[in-house]
Amino acid sequence: MKVMVIVKGSEKYEAGALPDEALLAKMGQYNEELVKAGIMQAGEGIHPSSKGYRIQYTDSKPKVIDGPFTEAKELVAGFWIWKVKSMDEALDWAKRAPFAPGDAIELRPVFEAE
């Protein structure tokens, strides 16, 4: 099964703060473990919402809204796509991720043609 792991944003992330070198190194090692185990299919960080857009669909033409967007905790800072045998396996890997206290990730199964 495929699982999308969504890394939630924060106020620091929205302000453009990057993780320190130590955390980047730990995350690099973690990503290498995921790749070696055949779990990681894709993974990227994304820019803050200030560099993004939303499109709101209406009965008339779609409306483009410039970032930044409110509620930083509801935004996405990055993602992984993992191929795992089960959600339990995905949860086991997720618990090992080197995030700081207060950070959050969300795991969601990806629809696949069966």
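Calculation rules
Residues numbered from 1 in each chain as written. Predicted model: local features only at pLDDT ≥ 70, side-chain atom pairs only at ≥ 80, totals over all residues. Heavy atoms only, no water. Helix = DSSP H or I, 4+ residues; strand = E, 2+ residues; numbered from the N terminus. Contact = heavy atoms within 4.5 Å. Polar contact = N/O pair within 3.5 Å; in protein donor to acceptor, adjacent residues only side chain to side chain. Patch = residues over 30% accessible without salt bridge, like charges linked within 9 Å, V, L, I, M, F, W, Y side chains within 5 Å. Areas by Shrake-Rupley, 256 points an atom, 1.4 Å probe, with all protein chains shown as cover. Salt bridge = Lys/Arg side-chain N within 4 Å of Asp/Glu carboxyl O. Core = buried A, V, L, I, M, F, W, Y, C linked by side-chain atoms within 4.5 Å. Buried < 20%, exposed > 50% of the residue type's maximum accessible area, 1.4 Å probe, protein only. 1 Å grid on protein atoms, 1.4 Å probe; cavity = no way out; pocket = protein on both sides within 12 Å on 5 of 7 lines; lining within 4 Å. Points joined across faces, edges and corners; volume = space filled by probe spheres on them. Phe/Tyr/Trp six-rings, centres within 6.5 Å; stacked < 30°, edge-to-face > 60°. Lys NZ or Arg CZ within 6 Å of the ring centre and 35° of its normal.

Caption draft 1: Quick look at the environment of Trp80. Along the chain, Trp80 turns up in strand E5 (residues 76-83). C-alpha of Trp80 to C-alpha of Leu107: the two residues are 27 residues apart in sequence and 9.5 Å apart in space. In this structure, Trp80 is in contact with Val3, Met4, Val5, Val7, Met27, Tyr30, Asn31, Leu34, Met40, Ala42, Gly43 and Phe99, ignoring residues within four places of it in sequence. Looking at Trp80, its side chain comes within polar contact range of the side chain of Asn31, at 2.9 Å.

Caption draft 2: Summary view of a nonpolar patch on the surface. A surface patch of nonpolar side chains, about 510 Å² in accessible area, is lined by Tyr53, Ile55, Tyr57 and Val64. Checked against the element boundaries, Ile55 lands in strand E3 (residues 53-56).

Caption draft 3: Quick peek at the nonpolar core. In this structure, Tyr30, Leu34, Trp80, Trp82 and Leu107 are the most contacted members of the largest nonpolar core, which totals 17 residues. For this core, the elements supplying multiple residues, two or more each, are strand E1 (2-8), helix H2 (21-36), E5 and helix H3 (87-95). With residues up to four places along the chain from it excluded, the contact list for Leu34 reads Ile39, Met40, Trp80, Trp82 and Trp93.

Caption draft 4: Up close: the layout of surface pockets. Size it by volume and the largest pocket reaches roughly 950 Å³. Every element with two or more residues in the lining of the largest pocket is listed here: E1, helix H1 (11-14), H2, strand E2 (40-45) and E5.

Caption draft 5: Structural detail: the environment of Trp93. Mapped onto the elements of the fold, Trp93 is located in helix H3. The buried category is assigned to Trp93, whose relative accessible area is 11%. Distance from Trp93 to Glu33, taken between C-alpha atoms, is 9.8 Å for residues 60 residues apart in sequence. Sequence-distant contacts of Trp93, defined by excluding residues within four places in its chain, comprise Tyr30, Glu33, Leu34, Ala37, Ile39 and Trp82.

Caption draft 6: Quick peek at the packing of aromatic side chains. The tally for this structure, following the rule as stated, stands at four aromatic pairs. Between Tyr30 and Trp80 the ring centres are 5.7 Å apart and the planes differ by 70 degrees, which places this aromatic pair in the edge-to-face class. On the criterion of sequence distance, the pair formed by Tyr30 in helix H2 and Trp80 in strand E5 is long-range, its members being 50 residues apart. Judged by its relative accessible area of 5%, Trp80 falls in the buried class. Centre to centre, the rings of Trp80 and Phe99 are 6.2 Å apart; their planes meet at 70 degrees, and the pair counts as edge-to-face. Taken as a pair, Trp80 in strand E5 and Phe99 in the loop between H3 and strand E6 (105-109) lie far apart in primary sequence, 19 residues in all. A relative accessible area of 28% places Phe99 in the partly exposed class. Grouping aromatic residues by their ring pairs yields a cluster made of Tyr30, Trp80, Trp82, Trp93 and Phe99. Positioned above the aromatic ring of Phe69 is the side chain of Arg54, whose terminal nitrogen or guanidinium carbon lies 4.1 Å from the ring centre. One cation-aromatic arrangement involves Arg96 over Trp93; the distance from NZ or CZ to the ring centre is 4.2 Å.

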